[in-house]
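Chain by chain, the residues:
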Amino acid sequence: HCHLLDCSDLKACSLVCRAWLPTTRSRLFRTIKILEGQALRDFSALIRHAAIRQSNIAHYIQEIVLGNFKLNIDSLSPDANATSILVHKLLSRLPSLRAVALENIGWSQSTDPDIPVYFSNVPITSLQFTRVRLRSPGDLLRLAATLPALTELSFSFVRWEAFDLDSSYFAASGDLGPAIWLQSLRVHKCFNARGLLRGLLAAPFETHLARLDWTLCDKWGEASPDDLYQHEVD
């Protein structure tokens, strides 16, 4: 009945004996939520120290929630901010990571067309964006397109400065690697859902959905009546 225990109980159980340690760690570290800069630095240091000590803490982490940061949407160039580099290093040290949720992220303005590298070599299957504002849907779609194992994608309270996908997304989409087979899509309270949908119907995304939640999207902000009609056709 370990699922009935809270964190303090699990921590106490982890000190009983070595046989109890893996079970308690698998529950204590399964989902990690980091919502401020100092917590990100402290947890990154913990994971780095655990790796030096050959501890397997990182192997228990399957889901991570990151929020209230400013990140670089593009590839990690030398002038990328320190938080972006720290996030990249942390994610690369979590071999069992399967789900990432990004909440209230202040993305820097896109300046480099290269593919983002936050999730390189990590078999993430679920990606969620909440409370995001960016130049174009293409910015986040390019980031999602770097995840060949992605099957679940979620957008909530997302707004874009542009009405539609910019041409650079389609120009780059041919070089994004293998097809991504989406099985679950959730779009909730998003502005210009039409532009997002156009991207998800283009390479490298292949939509074979077993679940679709499309709710309360603001289609009245589209660029023209023709776009409204095309939204319904899509």
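Please refer to the structure higher up on the page.
Reading guide: rules and limits
Residues numbered from 1 in each chain as written. Predicted model: local features only at pLDDT ≥ 70, side-chain atom pairs only at ≥ 80, totals over all residues. Heavy atoms only, no water. Buried < 20%, exposed > 50% of the residue type's maximum accessible area, 1.4 Å probe, protein only. Helix = DSSP H or I, 4+ residues; strand = E, 2+ residues; numbered from the N terminus. Phe/Tyr/Trp six-rings, centres within 6.5 Å; stacked < 30°, edge-to-face > 60°. Contact = heavy atoms within 4.5 Å. Pairing = 2+ DSSP bridges. Axes fitted to C-alpha atoms, helices over the stretch in contact; angles between N-to-C directions. Salt bridge = Lys/Arg side-chain N within 4 Å of Asp/Glu carboxyl O. Polar contact = N/O pair within 3.5 Å; in protein donor to acceptor, adjacent residues only side chain to side chain. Right-handed = clockwise from strand over helix to strand, strands pointing away. Expected span 1.5 Å × (residues − 1). Arc of directions from axis to C-beta.

This part covers helix α5 (residues 137-144). Among the eight residues that make up α5, eight are buried, leaving the element largely enclosed by the rest of the structure. Within α5 the residues assigned to the buried category are Pro-137, Gly-138, Asp-139, Leu-140, Leu-141, Arg-142, Leu-143 and Ala-144.

Attention now goes to the packing of aromatic side chains. Overall, the coordinates contain one aromatic pair when judged by the stated rule. A centroid spacing of 5.3 Å and a plane angle of 20° characterise the contact between Phe-129 and Phe-155, whose relative ring orientation is stacked. Of this pair, Phe-129 sits in strand β6 (residues 126-134) while Phe-155 sits in strand β7 (residues 152-160), and the two are 26 residues apart along the sequence. Classification of Phe-129 by relative accessible area gives buried; the value is 0%.

Looking now at the environment of Pro-178. By the element assignment, Pro-178 lies in the loop between α6 (167-173) and β8 (180-188). Spatially, the C-alpha atoms of Pro-178 and Ala-203 are 9.1 Å apart, while their sequence positions differ by 25 residues. Contacts of Pro-178, omitting those with residues within four sequence positions, involve Pro-148 and Pro-204.

Across the sheet, seven strands lie side by side as β1-β2-β4-β6-β7-β8-β9; this open sheet has parallel pairing. Each end of this open sheet is capped by a strand with a single partner; those strands are β1 (31-34) and β9 (205-215). Direction aside, the axes of adjacent strands within the sheet are offset by 15° on average. Taken together, the eight bridges between β8 and β9 define a ladder with parallel strand orientation. Bridge pairing links Val-187 to Trp-214 in β9.

On to the pattern of salt bridges. According to the stated counting rule, one finds two salt bridges in the structure shown. Here Arg-142 and Asp-139 are joined by a salt bridge, their closest N and O atoms 2.8 Å apart. Remark: Asp-139 and Arg-142 occur in helix α5; sequence separation between them is three residues, near one turn of the helix. As far as the burial class goes, Arg-142 and Asp-139 line up, both buried.

In this structure, Ser-126 sits in strand β6. Judged by its relative accessible area of 18%, Ser-126 falls in the buried class. Excluding residues that lie within four positions of it along the chain, Ser-126 makes contacts with Arg-98, Ala-99, Val-100, Leu-150 and Glu-152.

Counting through the fold element by element, Ser-44 comes out in helix α3 (residues 37-52). Take Ser-44: its relative accessible area is 2%, and that puts it in the buried class. From its side chain, Ser-44 meets the backbone oxygen of Leu-40 in a polar contact 2.8 Å long. When residues no more than four places from it in sequence are discounted, the contact partners of Ser-44 are Leu-86 and Leu-90.

Before going further, it helps to examine the pairing of β8. Bridging between β7 and β8 involves five bridges; their strand directions are parallel. Residue Glu-152 lies in a different strand from β8, and its bridge partner there is Ser-184. You can see the chain leave β8, run along helix α7 (residues 193-200) and come back into β9, and the turn it takes is right-handed.

Turning next to α3. Here α3 contains 16 residues, and its C-alpha end-to-end distance of 23 Å stays within 8% of the 22 Å for a straight helix at 1.5 Å per residue. By the burial criterion, the buried members of α3 are Leu-40, Phe-43, Ser-44, Ile-47 and Ala-50. Around the axis of α3, the buried residues are gathered within 125° of arc, so they sit on the same side. Packing partners of the buried residues in α3 comprise β1 and α4 (82-92). The N-capping residue of α3, defined by a side-chain oxygen 2.9 Å from the backbone nitrogen of Gln-38, is Glu-36. Where α3 terminates, the next one or two residues include Gln-54, which has phi positive at roughly 60°.

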